[in-house]
Amino acid sequence: MPKVSEEHLEQRRRQILDAARRCFGRKGFHQTSMQDVFKESGLSAGAVYRYFKSKEEIVRAIGVENQGIIAGLLKEVLSEDALPPLDEVVGRLVQRIETLLADEGALRVAPAAWVEAMHNPAVGVIVRDLFADTRQWWVKLAERMRDAGRLPADADPWVVGATLFCLVPGFVLQRLILEDVDADTLREGIRALTG
């Protein structure tokens, strides 16, 4: 029997995650069954379970991808020789988030996972871990800002990082529900606050 290529395995995994994301987007996490994911993906139960044993594992995979994008952008900013102004950092991040919130974008299902995390211990662990990791990148940004003299020398990077982290969920909710904020809104707001 021929060996299945890594590329084929990744395509199948992607097919399942995309199908689950569409289902979660339409019905929410709680109302989506694994049967819905099987149907949406066009794959058998066995094929899906080969990759993911539960909805929680699918949520983890989607969350890790989303968190990786956000953390990746913050890592990129932190690796730059000259630290950009905070409004530029937030603007770049939020611009990227805007693409992840479009139509069937990967981040549209995040609020459903956040709500589920409050009631489902398995999802709660996933979301807490992802939030904690993402927040650490904001803390590192705050440390760099302090070291560059953009924050008072006695500023607590954890406190500043935790505060900056609040921008992402707040932006996501406003973008999805109120639909009246964008990257320019946050850039202008940050400039006004820090100017």
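Structure first, text after, so check above.
Residues numbered from 1 in each chain as written. Predicted model: local features only at pLDDT ≥ 70, side-chain atom pairs only at ≥ 80, totals over all residues. Heavy atoms only, no water.

A few words on the overall build of the protein chain. Regarding its fold elements, the protein chain presents 10 helices and zero strands. Tracing the protein chain from N to C terminus, the helices and strands come up as α-α-α-α-α-α-α-α-α-α. The long-range share in the protein chain, meaning contacts at least 24 apart out of those at least 6 apart in sequence, stands at 62%. Counting every atom, the protein chain has about 10,700 Å² of accessible surface; 54% of that belongs to carbon and sulfur. Computing the positive centroid from 26 side-chain charges and the negative centroid from 29, the protein chain places the two 6 Å apart. (Helix = DSSP H or I, 4+ residues; strand = E, 2+ residues; numbered from the N terminus. Contact = heavy atoms within 4.5 Å. Areas by Shrake-Rupley, 256 points an atom, 1.4 Å probe, with all protein chains shown as cover. Lys, Arg positive; Asp, Glu negative; His and termini not counted. Charge placed at Lys NZ, Arg CZ, Asp CG, Glu CD.)

Further remarks concern the pattern of salt bridges. Think of it this way: side chains of opposite charge can pair up when their charged atoms draw near. Applying the stated rule across the entire model yields 15 salt bridges. The shortest N-O distance in the salt bridge between Arg-92 and Glu-80 comes to 2.7 Å. Of this pair, Arg-92 sits in helix α5 (residues 86-101) while Glu-80 sits in the loop between α4 (55-79) and α5, and the two are 12 residues apart along the sequence. The shortest N-O distance in the salt bridge between Arg-191 and Asp-87 comes to 2.9 Å. Of the two residues, Arg-191 is situated in helix α10 (residues 183-194) and Asp-87 in helix α5; the sequence distance between them amounts to 104 residues. Owing to a relative accessible area of 14%, Asp-87 belongs among the buried residues under this scheme. The network of salt bridges with shared partners includes Arg-13, Arg-14, Asp-18, Arg-21 and Glu-65. (Salt bridge = Lys/Arg side-chain N within 4 Å of Asp/Glu carboxyl O. Buried < 20%, exposed > 50% of the residue type's maximum accessible area, 1.4 Å probe, protein only.)

As a further point, take a nonpolar patch on the surface. Side chains of Leu-173, Ile-177 and Leu-178 sit close together on the surface and give an oily, nonpolar patch of about 300 Å² of accessible area. Relative accessible area serves as the criterion here: at 53%, Leu-178 is assigned to the exposed category. (Patch = residues over 30% accessible without salt bridge, like charges linked within 9 Å, V, L, I, M, F, W, Y side chains within 5 Å.)

This next bit is on the nonpolar core. Ranked by internal contacts, the top residues of the largest apolar core, which has 56 residues, are Phe-24, Ile-58, Ile-97, Trp-138 and Leu-141. Aside from chain neighbours lying at most four places away, what touches Leu-141 is Leu-74, Val-77, Leu-78, Leu-83, Leu-86, Val-89 and Leu-164. (Core = buried A, V, L, I, M, F, W, Y, C linked by side-chain atoms within 4.5 Å.)

With that settled, the discussion passes to helix α8 (residues 157-165). Looking only at α8, the buried set comprises Pro-157, Val-160, Gly-161, Ala-162, Leu-164 and Phe-165. Residues of α8 that are buried sit in contact with α5, α7 (121-147) and α9 (167-178). For α8, the side-chain oxygen to backbone nitrogen distance between the N-cap and Trp-158 is 2.9 Å, and the N-cap itself is Asp-156. (Polar contact = N/O pair within 3.5 Å; in protein donor to acceptor, adjacent residues only side chain to side chain.)

Running from amino to carboxyl end, α5 crosses α7 at an angle of 160°, the nearest separation of the two axes being 12 Å. If you check the angle between α5 and α7, you find them roughly antiparallel. As for the relative orientation of α5 and α7, their crossing is right-handed in sense. Contact residues: α5 offers Leu-86, Val-89, Val-90 and Leu-93, while α7 offers Trp-138, Leu-141 and Met-145. By residue class, the composition of the contact of α5 with α7 is seven nonpolar, no polar and no charged. (Axes fitted to C-alpha atoms, helices over the stretch in contact; angles between N-to-C directions. Parallel < 35°, antiparallel > 145°, perpendicular 65-115°, else oblique. Left-handed = near helix turned anticlockwise from the far one by under 90°. Nonpolar A, V, L, I, M, F, W, Y, C, P; charged D, E, K, R; others polar.)

What follows deals with the packing of aromatic side chains. For the structure on display, the rule yields three aromatic pairs. Judged by centre distance (5.8 Å) and plane angle (70°), the rings of Trp-114 and Phe-131 are edge-to-face. Linking Trp-114 in helix α6 (residues 110-117) with Phe-131 in helix α7, this pair joins segments that are 17 residues apart in sequence. A centroid spacing of 5.1 Å and a plane angle of 70° characterise the contact between Phe-131 and Phe-165, whose relative ring orientation is edge-to-face. Taken together, the residues Phe-131 in helix α7 and Phe-165 in helix α8 connect sequence positions 34 residues apart. For Phe-131, a relative accessible area of 29% gives the class partly exposed. Members of the aromatic cluster, joined through ring pairs, are Trp-114, Phe-131 and Phe-165. (Phe/Tyr/Trp six-rings, centres within 6.5 Å; stacked < 30°, edge-to-face > 60°.)

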